[in-house]
Amino acid sequence: MSKRTPPVFPSAARQLDALGARLSMARKRRRMTQHTLSSRAGISIPTLRNLESGDASVSMATFLRVLQVLGLADDIDRLAADDVIGRRLQDIEQKGAPRGRRRKSA
């Protein structure tokens, strides 16, 4: 029985395609073959091809191993580092903003 991959929103699919292309270019700039990168990352060549083609089923652990081999693992630390909306919501909650009027009991 094969694994089911959850559907991906079109915008996310475009982002995954672009990310895969960037990883492929990073590998090529380092003059690494798919065989070399896959063996250093401990993954199969078909898995690397899936990653470079933007396949959503590739695990985050695999993605991180490839980033480490390419020397780009520090880039992952910048993802969601500046959560402006989350901080605003947190500030509103801490200030005890009114959530609505309370009804006075008669």
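This text goes with the structure placed above it.
If you're wondering where the values come from, they're calculated on a predicted model, not measured in any experiment.

Student: I tried to follow the overall build of the chain on my own but got confused; where do I start?
Tutor: Looking only at helices and strands, the chain has five helices and zero strands in total. The 106 residues of the chain split such that 19% are buried. Long-range pairs, those at least 24 residues apart, make up 49% of the contacts in the chain with a sequence separation of at least 6. Summed over all atoms, the accessible surface of the chain reaches about 8,900 Å², with 52% contributed by carbon and sulfur.

Student: For this particular structure, what's the right way to read the packing of helix α1 (residues 10-29) against helix α3 (residues 45-52)?
Tutor: Working note: a packed helix pair is described by the angle between its axes plus the distance between those axes. At their nearest, the axes of α1 and α3 sit 7 Å apart, and the two run at 120° to each other. Taken together, the axis directions place α1 and α3 in an arrangement best described as oblique. On α3, the residues touching Gly-20, Ala-21, Leu-23, Ser-24 and Arg-27 of α1 are Leu-48, Leu-51 and Glu-52. Of the residues contributing to the contact of α1 with α3, the split by class is four nonpolar, two polar and two charged.

Student: Quick question: what am I supposed to make of the pattern of salt bridges here?
Tutor: A side chain of one charge can pair with a side chain of the opposite charge when the charged atoms of the two come close. The final tally for this structure, using the stated rule, is three salt bridges. Glu-52 is the partner of Arg-27 in a salt bridge, and the nearest nitrogen-oxygen pair spans 2.7 Å. With Arg-27 in helix α1 and Glu-52 in helix α3, this residue pair connects regions lying 25 residues apart in the sequence. An identical accessibility class is assigned to Arg-27 and Glu-52; each is buried. Here Asp-82 makes a salt bridge to Arg-87, at a shortest N to O gap of 3.1 Å.

Cut-offs and rules
Residues numbered from 1 in each chain as written. Predicted model: local features only at pLDDT ≥ 70, side-chain atom pairs only at ≥ 80, totals over all residues. Heavy atoms only, no water. Helix = DSSP H or I, 4+ residues; strand = E, 2+ residues; numbered from the N terminus. Buried < 20%, exposed > 50% of the residue type's maximum accessible area, 1.4 Å probe, protein only. Contact = heavy atoms within 4.5 Å. Areas by Shrake-Rupley, 256 points an atom, 1.4 Å probe, with all protein chains shown as cover. Axes fitted to C-alpha atoms, helices over the stretch in contact; angles between N-to-C directions. Parallel < 35°, antiparallel > 145°, perpendicular 65-115°, else oblique. Nonpolar A, V, L, I, M, F, W, Y, C, P; charged D, E, K, R; others polar. Salt bridge = Lys/Arg side-chain N within 4 Å of Asp/Glu carboxyl O.

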